[in-house]
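Spelled out from the first residue to the last, the chains are:
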There are 4 protein chains.
Amino acid sequence: MPISKKTTTGKPAPARRGELLATAADVFAEQGYSATTVRRIADAAGILAGSLYYHFDSKESMLDEILSTFLDELWAGYDAVLAARLAPRQTLEALVTESFREIDRHRAAVAIYQRESRHLVGQPRFGYLAESQRKFERVWLGTLERGAAEGAFRADLDVRLAYRFVRDTVWVAASWYRPGGAHSPEEIARQYLSMVLDGIAVRA
Amino acid sequence: MPISKKTTTGKPAPARRGELLATAADVFAEQGYSATTVRRIADAAGILAGSLYYHFDSKESMLDEILSTFLDELWAGYDAVLAARLAPRQTLEALVTESFREIDRHRAAVAIYQRESRHLVGQPRFGYLAESQRKFERVWLGTLERGAAEGAFRADLDVRLAYRFVRDTVWVAASWYRPGGAHSPEEIARQYLSMVLDGIAVRA
Amino acid sequence: MPISKKTTTGKPAPARRGELLATAADVFAEQGYSATTVRRIADAAGILAGSLYYHFDSKESMLDEILSTFLDELWAGYDAVLAARLAPRQTLEALVTESFREIDRHRAAVAIYQRESRHLVGQPRFGYLAESQRKFERVWLGTLERGAAEGAFRADLDVRLAYRFVRDTVWVAASWYRPGGAHSPEEIARQYLSMVLDGIAVRA
Amino acid sequence: MPISKKTTTGKPAPARRGELLATAADVFAEQGYSATTVRRIADAAGILAGSLYYHFDSKESMLDEILSTFLDELWAGYDAVLAARLAPRQTLEALVTESFREIDRHRAAVAIYQRESRHLVGQPRFGYLAESQRKFERVWLGTLERGAAEGAFRADLDVRLAYRFVRDTVWVAASWYRPGGAHSPEEIARQYLSMVLDGIAVRA
DNA sequence: GATGAATGAGCATTCATTCAT
DNA sequence: CATGAATGAATGCTCATTCAT
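What you see is a predicted model; the values in this text were computed from it and never measured.

Caption draft 1: Structural detail: the interface of chain C and chain D. Across the boundary between the two partners, chain C contributes 41 residues, which contact 41 residues of chain D. For the pair chain C and chain D, the summed buried area comes to about 4,000 Å², and 58% of that belongs to carbon and sulfur atoms. In this assembly, chain C and chain D are joined by two salt bridges. Elements that contribute at least two residues to the side of chain C that touches chain D include exactly α1 (14-31), α5 (88-105), α6 (107-120), α8 (159-171) and α9 (185-198) of chain C. Per element, the largest residue contribution to the side of chain C that touches chain D is eight residues, and it comes from α8(C). Residues of the side of chain C that touches chain D, tallied by class, amount to 19 nonpolar, 10 polar and 12 charged.

What follows is the structure, given as structure tokens:
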């Protein structure tokens, strides 16, 4: 069951739609949503601005579809991880790895999410963002708390601070990550997990 | 030597200017630069939109002054840290602590910097952002490299990845940090350093 | 009796007023009235824009005073010529010479008049422009008609066309004339009169 | 070879563009460029102000296109005259006649040119105005000098003064000329030439 | 599916003007 | 006399959106 209501509108051709959304996502990610003009998206797609309105209701609906599609896939991945009911440390490792895979697949959407979600959550249309954030916090914070209680994670840390630390640490990577670069998502995940779990200092 | 050209104007530095900049910074941080209208800033300042132009040349020049003022102060702090010529680990600790202090003092500016610097660096007017970024990388990456060479930091990590990890981890905190909250900047720095240096996992 | 109502307002210092008007006239002449900002005039005068309003009611009142002062002096000169009741050809010569003297003394005002009078005549405040134009036409056209009737000027010409020809020919000189140049106003008048009266062609 | 860079755009040259330019030219000529608001042009064209920007980049680009189109046609006419390699007097007659024809066809553009060119020449965008002025002077002054040398024109006149006299005399006519009036351009040219060449005085 | 032309609301900015100091 | 700070109306321009073709 997808976290967002909107999947596809009644319109015909679904292939072109996806291409246009990918183009829009790239431009949104590069320039920011409100600094992006509909005309720039159209330019990048090789059509005129007005023509976009055959495919989409509005600029906002493109943003909506980009974000909801991403979140649907993200949660499909997370839910699969959670369904495995692993131990806290293994859950954390799996969540981090899954997150870097999502960054790999939805880099633009992740970047947009990072930049815009704060002031979108307020709008009714983007209510699913708030819902997703709550669920997100429940999953990650819960995993950390369970791990601290079971002795897998340090108990001397402020767990909310640790939550923010892990969360930001992972997702901010979308701002510099370029698919097809030197590191695979799994490789990056391994290194990040190593740092997050064991630190960068040499043990005394 | 300040990283930005404009440090002090010839004018007797009216207090009003500073107030207006603080107001503008808050609004920019909350809504994003391009989604912020000059009217909103004026509203928040209790004057009319046109009146802002008595004090500033343009919306962009407000952004410019906010960012350059922040960077000047940031580098004053960093330079003081570097002048002490501490060992790598102590340098890292001092830089992280100084960074959280800057977030405490310039929360809005830091948030704006995070959000907007990517697409600002290209513009000639904001050339000092690129300069600052280069200097920033030199300082942090250099500290990590020196630490790895001297045995303070793990040598098995990709140092560039570790650099990004530490860098983002610290600055992204500006997005949730609220001055006057439960934790002082120094307390947050201590916890972050503990996680970054030693990890969140319990040692086997 | 001056052609315009306004001579001086009740305000005190008359010397500074004159300087400011001269400055304003220069700027108006160079940039055009509506393209001239009050601030530019103030800059040129070495004061702040708001300070001009101690001396003048408005930008328009400066224009008004510049034009009316000029027209008052012009008509003083013309009236003296007409009072001599010379023959048509001598009247024409005297009017042309007097006109070049006015251009010499009021270059800026003449240039402004040329550029702006067309769309000012409509406004009630500048009603004296229309009055002056009527009087002007009466004087010049009358002189030409009298001259044609008395055999001093060619009778085969359209006298209205000839009027426009002489009028424009003389006044447009204000657009290139620079006081203190190679030619005195009297010298220019002599050459212009020679061309207007005898033409530039060598007689067959 | 046209004096201005932009002669025809790659576009299929929509007729609408020409209509809008004609409207804009009329308004510019009537009110002056800087006193003309874009809204007024739009009103005169029966559309909204913003809609003009579908056709033109800016108010300035309309002015640019009006002036460059006019100058291109003017020089086409002048070049045809010069190609005939007539004697100086016949060249002068042909140039004057051609000028009045241009005034007839481009009345608004000529009026705008007269009013605005002085402070436009400085701007790089309108560099072609300076170029045109130089070429203009070369043609007219050269014709007068050749005529004076060959005995067609009086040699006792200051030739630069005569040049300005003829030049201004002709073009200023655009300020009162109304197409479709009592006189055809050729008729006006004939009378003007009669005055310029032979003067208005009856020969002794 | 796409274009060309337009709309209408809103935006950054300008500018003449005011006024307490 | 002049300044510094503000007003408020207007200006050139942008942009998401619409729609007949």
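We are not done yet, so read on.
Caption draft 2: Quick look at the interface of chain B and chain A. Taken together, the contact pairs 41 residues of chain B with 42 residues of chain A. Between chain B and chain A the total buried area reaches about 4,000 Å² when both faces are included, carbon and sulfur atoms providing 58% of it. Put simply, chain B and chain A have two salt bridges between them. In this structure, the salt-bridge partner of A:Glu116 is B:Arg115, at a minimum N-O distance of 3.4 Å. In this structure, the connection of chain B to chain A is made through 29 residue pairs in polar contact (both at pLDDT 80 or more). Counting residues per element, the ones that place at least two in the side of chain B that touches chain A are α5 (88-105), α6 (107-120), α8 (159-171) and α9 (185-198) of chain B. Split by residue class, the side of chain B that touches chain A holds 20 nonpolar, nine polar and 12 charged.

Caption draft 3: Here's a closer look at the UniProt feature "domain: HTH tetR-type" (unreviewed entry) in chain A. In the UniProt entry, the feature "domain: HTH tetR-type" (unreviewed entry) is given for residues 14-74 of chain A. The span residues 14-74 of chain A carries 75% helix and 0% strand; its end-to-end C-alpha distance comes to 21 Å.

Caption draft 4: Molecular detail of the relation of the copies chain B and chain A. For the pair chain B and chain A, the superposition axis carries a translation of 0.0 Å, the fit reaches an RMSD of 0.2 Å, and the rotation angle comes to 180°. In the structure described here, the two chain copies are related by an operation that fits a two-fold rotation axis. Across chain B, the rotation axis passes nearest the C-alpha of B:Gly199, at a separation of 1.8 Å. Comparing contact sets, 100% of the residues at the interface of chain B also lie at the interface in chain A, consistent with an isologous, same-surface contact.

Caption draft 5: Main features of the pattern of salt bridges. The full count for this structure, using the stated rule, is 68 salt bridges over all chains. Notably, a salt bridge pairs A:Asp156 with A:Arg154, separated by 3.0 Å at the nearest N-O pair. Judged by its relative accessible area of 52%, A:Asp156 is exposed. Residues participating in the shared-partner salt-bridge network are A:Arg115, A:Glu116, B:Arg115 and B:Glu116.

Caption draft 6: Local environment of the environment of A:Arg125. Residues and elements named next belong to chain A. Here arginine 125 lies in the loop between α6 (107-120) and α7 (127-149). By relative accessible area, which is 25% here, arginine 125 ends up partly exposed. Put simply, arginine 125 and tyrosine 53 are 72 residues apart on the chain and 19 Å apart in space, counted from C-alpha to C-alpha. Side-chain polar atoms of arginine 125 contact the side chain of glutamate 60, separated by 2.9 Å.

Caption draft 7: Representation of the side chain of B:Asp64. Residue and element names in this part refer to chain B. For aspartate 64, the location among the structural elements is in helix α4 (residues 59-83). Of the residues examined, aspartate 64 reaches a relative accessible area of 1% and is grouped as buried. Side-chain polar atoms of aspartate 64 contact the side chain of arginine 125, separated by 2.8 Å.

Caption draft 8: A look at the packing of helix α5 (residues 88-105) of chain A against helix α9 (residues 185-198) of chain A. Residue and element names in this part refer to chain A. Running from N to C, α5 and α9 cross one another at 140°; their axes reach a closest spacing of 9 Å. Taken together, the axes of α5 and α9 are oblique relative to one another. Remark: the crossing between α5 and α9 carries right-handed chirality. The segment α5 lies against α9, with Arg89, Leu92, Glu93, Val96, Thr97, Phe100, Arg101 and Asp104 engaging Pro185, Glu186, Ile188, Ala189, Tyr192, Leu193 and Leu197.

Caption draft 9: Region of the structure containing the relation of the copies chain C and chain D. Overlaying chain C on chain D yields an RMSD of 0.2 Å, the required transformation being a rotation through 180° with an accompanying axial translation of 0.0 Å. Interface residue correspondence from chain C to chain D reaches 98%, placing this contact among same-surface, isologous pairings.

Calculation notes
Residues numbered from 1 in each chain as written. Chains lettered and ligands numbered in written order. Predicted model: local features only at pLDDT ≥ 70, side-chain atom pairs only at ≥ 80, totals over all residues. Heavy atoms only, no water. Contact = heavy atoms within 4.5 Å. Buried area = accessible area lost by both parts, 1.4 Å probe. Salt bridge = Lys/Arg side-chain N within 4 Å of Asp/Glu carboxyl O. Helix = DSSP H or I, 4+ residues; strand = E, 2+ residues; numbered from the N terminus. Nonpolar A, V, L, I, M, F, W, Y, C, P; charged D, E, K, R; others polar. Polar contact = N/O pair within 3.5 Å; in protein donor to acceptor, adjacent residues only side chain to side chain. UniProt positions renumbered as here; feature names shortened; annotations may be inferred. Least-squares fit on C-alpha atoms with pLDDT ≥ 70 in both. Buried < 20%, exposed > 50% of the residue type's maximum accessible area, 1.4 Å probe, protein only. Axes fitted to C-alpha atoms, helices over the stretch in contact; angles between N-to-C directions. Parallel < 35°, antiparallel > 145°, perpendicular 65-115°, else oblique. Left-handed = near helix turned anticlockwise from the far one by under 90°.

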